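Summary of the model geometry
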Amino acid sequence: DGGITQSPKYLFRKEGQNVTLSCEQNLNHDAMYWYRQDPGQGLRLIYYSQIVNDFQKGDIAEGYSVSREKKESFPLTVTSAQKNPTAFYLCASSPTYVESTSYNEQFFGPGTRLTVL
Amino acid sequence: AQKITQTQPGMFVQEKEAVTLDCTYDTSDQSYGLFWYKQPSSGEMIFLIYQGSYDEQNATEGRYSLNFQKARKSANLVISASQLGDSAMYFCAMRGSYNTDKLIFGTGTRLQVFP
């Protein structure tokens, strides 16, 4: 079955440690995204990538870093510079508009809940 | 700048009744797309329905329909014949001009369906 996997589902880290969240997709999508969700709020875009080896900052990129070495993978590192990292993190993918005949809905993974102690 | 506004933090509806979840948007783009997603308590985001700015008819997908009023910049989601499994958070989102894949999300509405 095609889809997006995120691991782990729950992650606990000590303050000051970097942590990397995994996101893998087998949908053959070019575009991938990372969102952060805080309680009672919508999703805010952290980073996105429309093609391998290229990515752009979203609205709240400070304290985060990403890489896109493979089409299938878009890991997110939450660094110690992120002042309030405890949140729910969602990864998504979509075909880019130029390659799609549909309206490019984003497909989401199950999310990772990060708690910094 | 683009913005999505959902003014209803929470809504209640009785099973088998219809419910409307409000969404207004702001954009200067002529071409844009509007999405609704459902987020159950498990956390994943489930795509429900899409409306393009140039679509002449309101979108429908099963029990979901989108009441699109372009002049008012509103894109309300209508769920007919509510089911207990419809209890979830619902998010309205917008994509701007067609050369970008970025989505802007609203703050969501929590829908609770009671027997």
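About the thresholds
- Residues numbered from 1 in each chain as written.
- Chains lettered and ligands numbered in written order.
- Predicted model: local features only at pLDDT ≥ 70, side-chain atom pairs only at ≥ 80, totals over all residues.
- Heavy atoms only, no water.
- Helix = DSSP H or I, 4+ residues; strand = E, 2+ residues; numbered from the N terminus.
- Contact = heavy atoms within 4.5 Å.
- Disulfide = S-S within 2.5 Å.
- Buried < 20%, exposed > 50% of the residue type's maximum accessible area, 1.4 Å probe, protein only.
- Pairing = 2+ DSSP bridges.
- Axes fitted to C-alpha atoms, helices over the stretch in contact; angles between N-to-C directions.
- Core = buried A, V, L, I, M, F, W, Y, C linked by side-chain atoms within 4.5 Å.
- Salt bridge = Lys/Arg side-chain N within 4 Å of Asp/Glu carboxyl O.
- Polar contact = N/O pair within 3.5 Å; in protein donor to acceptor, adjacent residues only side chain to side chain.
- Nonpolar A, V, L, I, M, F, W, Y, C, P; charged D, E, K, R; others polar.

This part covers the environment of B:Ile4. Residues and elements named next belong to chain B. Residue position: Ile4 is located in strand 1 (residues 3–5). With 30 residues separating them in the primary sequence, Ile4 and Leu34 have C-alpha atoms 9.7 Å apart. Not counting chain neighbours up to four residues away, the residues in contact with Ile4 comprise Cys23, Thr24, Tyr25, Leu34, Cys92, Ala93, Met94, Ile104, Phe105 and Gly106.

To continue, consider the state of the cysteines. All names here are of chain A. A full pass over the atoms with the stated rule returns two disulfides over all chains. Covalently, Cys23 is tied to Cys91 through a disulfide, its sulfur atoms 1.8 Å apart. Handedness here is read from the sign of the S-S torsion; for Cys23 and Cys91, about -70 degrees, the answer is left-handed. Of the two residues, Cys23 is situated in strand 3 (residues 19–25) and Cys91 in strand 9 (residues 87–94); the sequence distance between them amounts to 68 residues. Just as Cys23 is buried, Cys91 falls in that class too.

A few words on the sheet that holds strand 7 (residues 64–66) of chain A. Residue and element names in this part refer to chain A. Strand order across the open sheet formed by four strands is 1-3-8-7, with antiparallel pairing between neighbours. Both outer strands of the open sheet, strand 1 (4–7) and strand 7, are each paired with one neighbouring strand and no more. If you compare each strand with its neighbour and ignore which way they point, the axes differ by 20 degrees on average. Where strand 3 and strand 8 (residues 76–78) come together, three bridges link them in antiparallel fashion. Bridge pairing in strand 8 places Thr20 opposite Thr77.

Okay, the nonpolar core next. Of all hydrophobic cores here, the largest spans 24 residues; its most connected members are B:Tyr25, B:Leu34, B:Trp36, B:Ile49, B:Leu77 and B:Tyr90. Elements with a minimum of two residues in this core: strand 3 (19–21), strand 5 (33–39), strand 6 (46–52), strand 8 (64–69), strand 9 (74–79), strand 10 (88–95) and strand 12 (109–114) of chain B. Per-element accounting of this core gives the leading share, four residues, to strand 10 of chain B. Counting 20 residues, the second-largest nonpolar core is a separate cluster that includes A:Ile60, A:Val66, A:Phe74 and A:Cys91.

As a further point, take the interface of chain B and chain A. A common measure of how large an interface is: the accessible area buried when the components associate. Taken together, the 19 residues of chain B in the interface contact 25 residues of chain A. The tally of links from chain B across to chain A stands at zero salt bridges. Joining chain B to chain A, the criterion identifies two residue pairs in polar contact (both at pLDDT 80 or more). Ranked by the residues each element gives to the side of chain B that touches chain A, the list is headed by strand 5 of chain B, at three residues. Each residue belonging to the side of chain B that touches chain A can be placed in one class, and the counts come to nine nonpolar, five polar and five charged.

Residues and elements named next belong to chain A. Position of Thr112 among the secondary structure elements: in strand 11 (residues 112–116). From its side chain, Thr112 meets the backbone oxygen of Pro8 in a polar contact 2.6 Å long. Not counting chain neighbours up to four residues away, the residues in contact with Thr112 comprise Gln6, Ser7, Pro8, Lys9, Leu11, Leu21, Ala87, Phe88 and Tyr89.

A word on unusual backbone geometry. The linkage connecting A:Ser7 with the following residue, A:Pro8, adopts the cis geometry, with an omega of -10 degrees. With respect to the helices and strands, A:Pro8 occurs in the loop between strand 1 and strand 2 (10–13). At B:Lys73, a position not held by glycine, the phi torsion is positive, near 55 degrees. Structurally, B:Lys73 is set in the loop between strand 8 and strand 9. On the basis of relative accessible area, B:Lys73 is assigned to the partly exposed category, the value being 29%. Of note, B:Ala81 is a non-glycine position whose phi angle comes to about 50 degrees, a positive value. Residue position: B:Ala81 is located in the loop between strand 9 and strand 10.

On to the pattern of salt bridges, then. Oppositely charged side chains can pair when the atoms bearing their charge come close. Taken as a whole and judged by the stated rule, the model has five salt bridges over all chains. Between B:Asp86 and B:Arg63 there is a salt bridge whose closest N-O contact spans 2.8 Å. On the criterion of sequence distance, the pair formed by B:Asp86 in the loop between strand 9 and strand 10 and B:Arg63 in the loop between strand 7 (60–61) and strand 8 is long-range, its members being 23 residues apart. In this structure, a network of salt bridges that share partners links the residues A:Arg36, A:Asp38 and A:Arg44.

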